[in-house]
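Geometric and topological summary
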Amino acid sequence: SHLLVGLTGGIGSGKTRVSDMFAKLGVSVIDADILARDLVAPGMPALRAIEEKFGKHILDNSGMLNRRELREKVFSDPEQKHWLDNLLHPLIRQELVKQGKEAPSEYAILAVPLLVENQLNKLVDRTLVVDAEPQQQLKRVINRDDVSEEHVQSIISHQASRTERLAIADDVIDNNGELSQLQPQVQKLHEKYLKLAKISVK
Ligand code: ATP
């Protein structure tokens, strides 16, 4: 693709709903979470580096990364968290752009939950923010997952704020209303991005 659009938003803002709609329109969607998981699959160099750093017990019996163990290790140790981010973030950035550029559609959506937090807006041509009020995020996540209000609230408070996200947005999808209000907004942006993609062909 000649145009890379970064899609982001807070937990439960509706990113998945929106990216599914773009995918239905034939747009390639590259998911940073899936890509990050693939980078530490058995046999991948990054997994070997993690094993060397943390020891064999960071893998489960089948040789897969024990994510919970790793999360606990880096949660209590900023230095190790830093080491891990330094390993994975450049690989994720590199792979996101590579897959985005190789994508067959006129433009590609890079779905990156922590785009603002990790300043990945620099990687993309445009940033699209799915916006929802914290009250809506809270309600929807509690409805979807079996989690407490406090748990979701804590995640929201550790993520970028609504204001911070909107400040770097080129485009915004308002998801404070009904689900039926998403499709027309996606359609309109799709047409805009197709036009922009044509212009950006060199
Ligand atoms: P996460 O960051 O947790 O992955 P997300 O940003 O991908 O979340 P979705 O999974 O798309 O968000 O939406 C969160 C939940 O809220 C889902 O169950 C979804 O069906 C529901 N939802 C999204 N938008 C609306 C809406 N406008 N009205 C009602 N429910 C909605």
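Residues numbered from 1 in each chain as written. Predicted model: local features only at pLDDT ≥ 70, side-chain atom pairs only at ≥ 80, totals over all residues.

Looking at the overall build of the protein
The secondary structure content of the protein amounts to nine helices and five strands. In the protein, the order of α-helices and β-strands from amino to carboxyl end is β-α-β-α-α-α-α-β-β-α-α-α-β-α. Computed over C-alpha atoms, the radius of gyration of the protein comes to 18 Å, within 12% of the 17 Å expected from 2.2 N^0.38 for 202 residues, which places it in the range of a compact globule. Across its three principal directions, the C-alpha atoms of the protein cover 50 × 45 × 30 Å. Here the protein holds 202 residues, and the buried ones make up 28% of them. Relative to all contacts within the protein whose residues are 6 or more apart in sequence, the contacts with residues 24 or more apart total 76%. (Helix = DSSP H or I, 4+ residues; strand = E, 2+ residues; numbered from the N terminus. Rg over C-alpha atoms; globule rule 2.2 N^0.38 Å. Buried ≥ 20, exposed ≤ 12 C-beta atoms within 10 Å, placed from the backbone. Contact = placed C-beta atoms within 7 Å.)

Some words on the pairing of strand S1 (residues 3-8)
Burial of S1 is extensive: six of the six residues sit out of reach of the surface. Because side chains alternate across S1, one face comprises the buried residues Leu 3, Val 5 and Leu 7, and the other comprises Leu 4, Gly 6 and Thr 8, equally buried. Of the pairings in the sheet, the one linking S1 to strand S4 (residues 126-131) comprises four bridges and is parallel in character. Following the sheet pairing, Gly 6 is matched in S4 by Thr 127. (Pairing = 2+ DSSP bridges.)

Points about the site of the ligand
As a matter of local geometry, the ligand sits amid 15 residues, with Lys 15, Thr 16, Arg 17, Arg 140 and Arg 144 nearest to it. Its residues placed into classes, the shell around the ligand shows four nonpolar, six polar and five charged. (Near = placed C-beta within 6 Å. Nonpolar A, V, L, I, M, F, W, Y, C, P; charged D, E, K, R; others polar.)

Quick notes on the domain arrangement of the protein
As far as domains go, the protein holds domain 1 (1-27 + 105-202) and domain 2 (33-103). Distance from the C-alpha centre of domain 1 to the C-alpha centre of domain 2: 24 Å. Across the boundary between the two partners, domain 1 contributes nine residues, which contact eight residues of domain 2. Among the residues forming the side of domain 1 that touches domain 2, the class breakdown is six nonpolar, three polar and no charged. (Domains from an automatic or database assignment.)

A short note on the nonpolar core
In this structure, Val 5, Ile 109, Leu 110 and Ala 111 are the most contacted members of the largest nonpolar core, which totals 33 residues. The biggest single contributor to this core is strand S3 (residues 107-111), with five residues. Filtering out sequence-adjacent residues up to four positions away, Leu 110 remains in contact with Leu 4, Val 5, Gly 6, Leu 7, Ile 30, Ala 32, Leu 96, Gly 100 and Val 124. (Core = buried A, V, L, I, M, F, W, Y, C linked by C-beta atoms within 7 Å.)

What to know about the sheet that holds S4
On the basis of which strands lie adjacent, the open sheet formed by five strands has the order S2-S3-S1-S4-S5 and parallel pairing. Looking at which strands have only one partner, the edges of the open sheet turn out to be strand S2 (28-31) and strand S5 (171-174). Strand after strand, the sheet turns through a mean of 25° between neighbouring axes, direction not considered. Note: S2 against S3, four bridges, orientation parallel. Pairing of Val 29 across the sheet is with Ile 109, part of S3. (Axes fitted to C-alpha atoms, helices over the stretch in contact; angles between N-to-C directions.)

Regarding unusual backbone geometry
Phi at Gln 119 is positive, roughly 55°, even though this residue is not glycine. Assignment of secondary structure puts Gln 119 in the loop between S3 and S4.

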